[in-house]
Amino acid sequence: MAAEGKVTGQSQEQFLLLAKAARGAALASLIHQVLEAPGIYVFGELLDMPAVRELADSEFSPVFRLLTIFAYGTYADYLAEAANLPPLTEAQKNKLRHLSVVTLAAKIKVVALFLPEFSPYWDYLVLVTIMFPQCIPYSVLLEQLQLKNVRQLEDLVIEAVYADVLRGSLDQRNQRLEVDYSIGRDIRREELSTITRTLQEWCQGCEVVLSGIEEQVSRANQHKEQQLALKQQIESEVANLKKTIKVTTAAAAAATSQDPEQHLTELREPAPGTNQRQASKKTSKAKGLRGSAKIWSKSN
């Protein structure tokens with residue numbers, strides 16, 4: 001595609017150079033060659049040349065009108081004036097049909113949605129721009145391009161895709177062409193004010209979106225600062241609690257080590273009832289020994 005575009009650019013420049021020196025019939029013949037040349041779909045520079053504009057008031061005005069149709073019009077526009085225009089070759093017909101598909105697909109639907117799920121916080125709204133492909137029914141294309149059947153239409157679209165005029169897919173099940181991208185066509189001078197107004201409205205919309213984004217960033221920074229302050233407060237309370245526990249433990253240990261002799265005495269003194277249990281154990285042992293002695297004496 002890149003190599004083809006480079007060759008097309010070179011051939012277009014060659015035609016422009018030739019058009020500067022051509023006049024009358026030679027210039028009209030050159031225009032026919034441009035309209036038939038593959039890969040050339042923009043004709044604004046050629047129309048702006050003084051020699052070409054002079055054709056509008058000459059006997060070659062039909063050729064000039066044909067050039068303007070290729071620049072701004074469609075195949076339907078040509079058919080409406082075909083009686084007053086030069087006949088088209090098959091290559092010129094296909095090129096004008098390609099340009100007609102581009103005109104039909106020029107409007108891409110853009111929808112701006114406020115979707116909370118795309119936001120880092122659920123209480124914020126984010127502007128999301130979604131572009132949907134333009135769907136053109138086969139019936140509209142067959143009527144506008146004056147084709148006999150779907151097979152011719154699909155072949156024409158495939159040819160346009162390979163020429164990098166548009167990108168999309170053929171939906172044979174739903175009988176429609178889905179266009180994702182198409183080239184730009186020439187613009188009339190009277191359309192510049194409309195384009196300027198559209199761009200200004202777009203810039204205003206961008207400023208509104210930018211203002212909303214800045215507001216969301218500010219709210220997010222405030223939320224972050226609040227969370228950091230809360231974290232520092234918790235860490236400070238934990239540190240104070242650790243200090244309190246450490247001081248309390250040290251005070252308890254210091255209180256225990258003030259009178260070590262009393263602490264040792266308490267450890268040495270037996271608990272109440274301990275002596276009685278030991279005495280009962282000694283008595284039971286003595287009785288056991290005496291019983292065993294009696295048994296021994298009888299056996300003897």
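Just so we're clear, the structure is a prediction, and the values are computed from it rather than from any experiment. (Residues numbered from 1 in each chain as written. Predicted model: local features only at pLDDT ≥ 70, side-chain atom pairs only at ≥ 80, totals over all residues. Heavy atoms only, no water.)

**Digging into the overall build of the protein chain**
At step 1: For the protein chain, the count of helices and strands is 12 helices and 5 strands.
At step 2: Sequence separation of at least 24 residues holds for 58% of the intrachain contacts in the protein chain that already meet a minimum separation of 6.
At step 3: In the structure as shown, the protein chain presents an accessible area of about 21,000 Å², 57% of it carried by carbon and sulfur atoms. (Helix = DSSP H or I, 4+ residues; strand = E, 2+ residues; numbered from the N terminus. Contact = heavy atoms within 4.5 Å. Areas by Shrake-Rupley, 256 points an atom, 1.4 Å probe, with all protein chains shown as cover.)

**Some remarks on the sheet that holds strand 5 (residues 176-182)**
At step 1: Judged by pairing direction, the sheet is antiparallel, and its 3 strands sit side by side in the order 3-5-4 without closing on themselves. Looking at strand neighbours, the two that pair on one side only are strand 3 (134-137) and strand 4 (166-171), the edges of this open sheet. For this sheet, the mean inter-axis angle between neighbouring strands, taken without regard to orientation, is 25 degrees.
At step 2: Pairing analysis gives 4 bridges linking strand 3 to strand 5, with the strands arranged antiparallel. The residue bridging Ile136 from the neighbouring strand is Leu177, located in strand 5.
At step 3: The strands touched by helix 7 (residues 90-104) within the sheet are strand 3, strand 4 and strand 5, with strand 3 carrying the most contacts at an inclination of about 125 degrees.
At step 4: Sheet contacts for helix 9 (residues 150-162): strand 4 and strand 5; angle to strand 4, the most-contacted strand, approximately 150 degrees. (Pairing = 2+ DSSP bridges. Axes fitted to C-alpha atoms, helices over the stretch in contact; angles between N-to-C directions.)

**A closer look at the packing of aromatic side chains**
At step 1: Scanning the model with the defined rule gives 2 aromatic pairs in all.
At step 2: Above the face of the Tyr41 ring, Lys95 is positioned so that its terminal group lies 5.7 Å from the ring centre.
At step 3: Across the ring face of Tyr75, the terminal group of Arg97 is positioned such that the distance to the ring centre comes to 4.6 Å. (Phe/Tyr/Trp six-rings, centres within 6.5 Å; stacked < 30°, edge-to-face > 60°. Lys NZ or Arg CZ within 6 Å of the ring centre and 35° of its normal.)

**Section: the nonpolar core**
At step 1: Formed by 50 residues in total, the largest nonpolar core has its most connected members in Leu27, Ile31, Phe43 and Leu46.
At step 2: Two domains each donate at least three residues to this core, and these are domain 1 (1-72) and domain 2 (90-186).
At step 3: If sequence neighbours within four positions are ignored, Leu27 has contacts with Ala19, Ala22, Ala51, Val52 and Leu55. (Core = buried A, V, L, I, M, F, W, Y, C linked by side-chain atoms within 4.5 Å. Buried < 20%, exposed > 50% of the residue type's maximum accessible area, 1.4 Å probe, protein only. Domains from an automatic or database assignment.)

**Comments concerning the UniProt feature "coiled-coil region" (unreviewed entry) in the protein chain**
At step 1: According to UniProt, the positions carrying the feature "coiled-coil region" (unreviewed entry) are residues 224-251.
At step 2: Here residues 224-251 runs as 100% helix and 0% strand, with 41 Å between its end C-alpha atoms. (UniProt positions renumbered as here; feature names shortened; annotations may be inferred.)

**Some remarks on the layout of surface pockets**
At step 1: Taken as a whole, the largest pocket encloses approximately 690 Å³ of empty space.
At step 2: Every residue lining the largest pocket is counted, 22 residues in all, and those nearest its centre are Ala106, Gly184, Arg185, Ile187 and Ile195.
At step 3: For the lining of the largest pocket, the secondary-structure elements that each account for two or more residues are helix 5 (61-72), helix 7, strand 5 and helix 10 (192-256).
At step 4: In terms of residue count, helix 10 provides more of the lining of the largest pocket than any other element does, 4 residues in total.
At step 5: When grouped by side-chain class, the residues that make up the lining of the largest pocket number 12 nonpolar, 4 polar and 6 charged.
At step 6: Residues from two domains meet in the lining of the largest pocket; each of domain 2 (90-186) and domain 3 (189-239) gives at least three. (1 Å grid on protein atoms, 1.4 Å probe; cavity = no way out; pocket = protein on both sides within 12 Å on 5 of 7 lines; lining within 4 Å. Points joined across faces, edges and corners; volume = space filled by probe spheres on them. Nonpolar A, V, L, I, M, F, W, Y, C, P; charged D, E, K, R; others polar.)

**Here's the deal with the packing of helix 7 against helix 8 (residues 138-145)**
Between two packed helices, what matters for the description is the angle formed by their axes and the separation of those axes.
At step 1: Two elements in contact, helix 7 and helix 8, have axes separated by 10 Å at closest approach and are oriented at 135 degrees. It follows that helix 7 is oblique to helix 8 by the angle criterion. Considering the relative orientation of helix 7 and helix 8, their crossing is right-handed. Taking contact as the criterion, the partners of Arg97, Ser100, Val101 and Leu104 in helix 7 are, on helix 8, Leu141, Gln144 and Leu145.
At step 2: Its residues placed into classes, the contact of helix 7 with helix 8 shows 4 nonpolar, 2 polar and 1 charged. (Parallel < 35°, antiparallel > 145°, perpendicular 65-115°, else oblique. Left-handed = near helix turned anticlockwise from the far one by under 90°.)

**Considering helix 8**
At step 1: Among all positions of helix 8, only Tyr138, Leu141 and Leu145 are buried. Along the axis of helix 8, the buried residues cluster in a sector spanning 65 degrees; they form a single face.
At step 2: Residues of helix 8 that are buried make contact with helix 6 (75-80), helix 7, strand 3, helix 9, strand 4 and strand 5.
At step 3: Two residues or fewer after helix 8 comes Gln146, characterised by a positive phi angle close to 55 degrees. (Arc of directions from axis to C-beta.)

**Details of the confidence of the model for the protein chain**
At step 1: Of all residues in the protein chain, 73% have pLDDT values of 70 or greater, and the mean over the chain is 78.
At step 2: The least confident element of the protein chain, judged by mean pLDDT, is strand 1 (residues 109-115) at 43; the most confident is helix 6 at 94.
At step 3: When the criterion is pLDDT under 50, residues 1-7 qualifies, and its contacts beyond four places in sequence or with other chains add up to 5 contacts.
At step 4: Of the regions scoring below 50 in pLDDT, residues 108-130 engages in 44 contacts with residues more than four places distant in sequence or in other chains. (pLDDT = per-residue confidence, 0-100.)

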